[in-house]
Every structure is written in structure tokens, then in C-alpha cells.
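Structure assessment
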Amino acid sequence: MRTFYIFKVKEEYAILTKNNPYPLFRMLDFIYNLDKEEISRGVDLFYKLVEKLNSKALDIQLFKNYRENYFYTKFKNIHQVNNFYKKEESKLVVRNHYLLLESTIVKPAFLEDLKFVGNLFLCDFENKDYFWLEKLPV
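Note that the coordinates shown come from a computational prediction; the quantities given were computed from them, not determined experimentally.

Here the focus is the packing of aromatic side chains. Within the structure shown, the criterion is met by 19 aromatic pairs. An aromatic cluster is present here, built from Y5, F7, Y22, F25, Y32, F46, Y47, Y98, F121, F125, Y130 and W132 joined pairwise through their rings. The lysine or arginine in question, K18, covers the ring of W132, its NZ or CZ lying 4.0 Å from the ring centre.

Counted according to the given criterion, the structure contains eight salt bridges. In this structure, D59 and K74 form a salt bridge, with 3.2 Å as the shortest nitrogen-oxygen distance. Residue D59 is found in helix α4 (residues 55–66), and its partner K74 is found in strand β2 (residues 72–75); the two are separated by 15 residues along the sequence. A residue is classified by how much of its surface remains accessible, and D59, at 14% relative accessible area, is buried. With a relative accessible area of 32%, K74 lands in the partly exposed category. Across the pair E112 and K115 runs a salt bridge whose closest N-O atoms are separated by 3.6 Å.

Looking now at the packing of helix α2 (residues 22–32) against helix α3 (residues 39–49). Two elements in contact, α2 and α3, have axes whose closest approach is 9 Å; the angle formed by their N-to-C orientations is 145 degrees. Judged by the sense of rotation from one axis to the other, the crossing of α2 with α3 is left-handed. Taking contact as the criterion, the partners of L24, M27, L28, F30 and I31 in α2 are, on α3, R41, G42, L45, F46 and L49.

Moving on, we come to a nonpolar patch on the surface. Together, I39, V43 and Y47 make up an exposed nonpolar region whose accessible area comes to about 250 Å². Note that Y47 resides in helix α3.

Take unusual backbone geometry next. Unlike most non-glycine residues, K87 shows phi in positive territory, near 55 degrees. As for its position among the elements, K87 is in the loop between β3 (78–83) and β4 (88–94). Even without being glycine, N119 reaches a positive phi, approximately 55 degrees. Topologically, N119 is positioned in the loop between α5 (110–114) and β6 (120–124). Residue classification places N119 among the buried residues on the basis of a relative accessible area of 12%.

Criteria and thresholds
Per chain, residue numbering runs from 1 following the sequence as it is written. Only residues with pLDDT of at least 70 get local features here, since the model is predicted, and only at 80 or more are side-chain atom pairs given and counted; chain-wide, interface and lining totals rely on the full set of residues. Neither water nor hydrogens contribute to the side-chain values; these are computed over all heavy atoms in the structure. For this analysis, a ring pair means two rings from Phe, Tyr or Trp (six-membered ring only for Trp) whose centres lie within 6.5 Å, classed as stacked if their planes differ by under 30 degrees, edge-to-face if by over 60, and tilted for the remaining angles. The criterion for a charge sitting over a ring is simple: Lys NZ or Arg CZ within 6 Å of the ring centre, and within 35 degrees of the ring normal. By definition, a salt bridge exists where a carboxyl oxygen of Asp or Glu is found within 4 Å of a side-chain nitrogen of Lys or Arg. Helix numbering and strand numbering both begin at the N terminus, where a helix is a DSSP run of H or I of at least 4 residues and a strand a DSSP run of E of at least 2. Between buried and exposed lies partly exposed: a residue is buried under 20% and exposed over 50% of the maximum accessible area for its type, with that area taken using a 1.4 Å probe on protein chains only. Every angle, taken between N-to-C directions, lies between 0 and 180 degrees, and every axis is a line fitted to C-alpha atoms, over only the stretch in contact when it is a helix. Should the near helix be turned anticlockwise from the far one by less than a right angle, the crossing is left-handed, and should it be turned clockwise, the crossing is right-handed. Only heavy atoms enter the contact rule, under which two residues are in contact if any of them lie within 4.5 Å. Candidates for patches are residues over 30% relative accessible area with no salt bridge; among them, like charges are joined within 9 Å and nonpolar side chains (Val, Leu, Ile, Met, Phe, Trp, Tyr) within 5 Å. Throughout, the Shrake-Rupley method with a 1.4 Å probe supplies accessible areas, and for residues the shown protein chains are the sole cover considered.

As C-alpha cells, this is what we get:
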């Protein structure tokens, strides 16, 4: 199971790190691994890097895209696809400042529907994997 945190990076940082995303990943990884006592330092840095998502609109758009899909379920801000034919179990949680995507496959169905958002940066902190969504091969 892969767990991706998906962030909408502010335009100025996206421009700086499009061709070399490692520094952006290191900063987000630093924030992710902070101790609870130091979390206030990380919050300021996080808000400088990451833009707030329009979570309500995104939640509605995802529902509209998948409501006819037999393998799709939704509860509050949690979207799930359980496609037994493709062996995909994906869960996308929509938050205000990030999306949390857990999936059994490398390229879940939700990623195609998120490309319209722009400047989305995916981080798998446990596996040290990161990439820009628009650089994901088709």
C-alpha cells in the first residue's frame, strides 16, 4: 500500500522547483518528521510553501466524475475506488491544505482527475518518493 500526500504548491515555489523537486521534497519531509514540540516552526514553513485547496469544489468535482462508476463510494470527504478487475483499492481524503491518497497500485484512477488543479506535488514520505503530478507519464 502506497500513501501519498498531495500538496498544491504556491506558484513561486513551483516555478523554482519544477526541474529539480528534491529541495521541495526535503522541506516537506522535514516538516512531516518534526517532533510535536517543534511543530510551530514547521507550520509557518508549511503555509509559505503550500496553498490552500478549494476542498469543497474539489470534493464536488470528484463526486461528479465518479458518481456513475460502479466501483466508487463516497462518505463525507473520503472518496474510494475498489476496482477488483484492476486490483485497485484507492482512498482519497480531501483536506483543506492537502490530499491523502492511499492505493494498492502505482497509478490510481484519482490522479488523472486531479491534473486540472495544477502545481500538485506528490510525496510518499515512507518510500522517499516524490514527483509533480503533471510529470506523471500517461
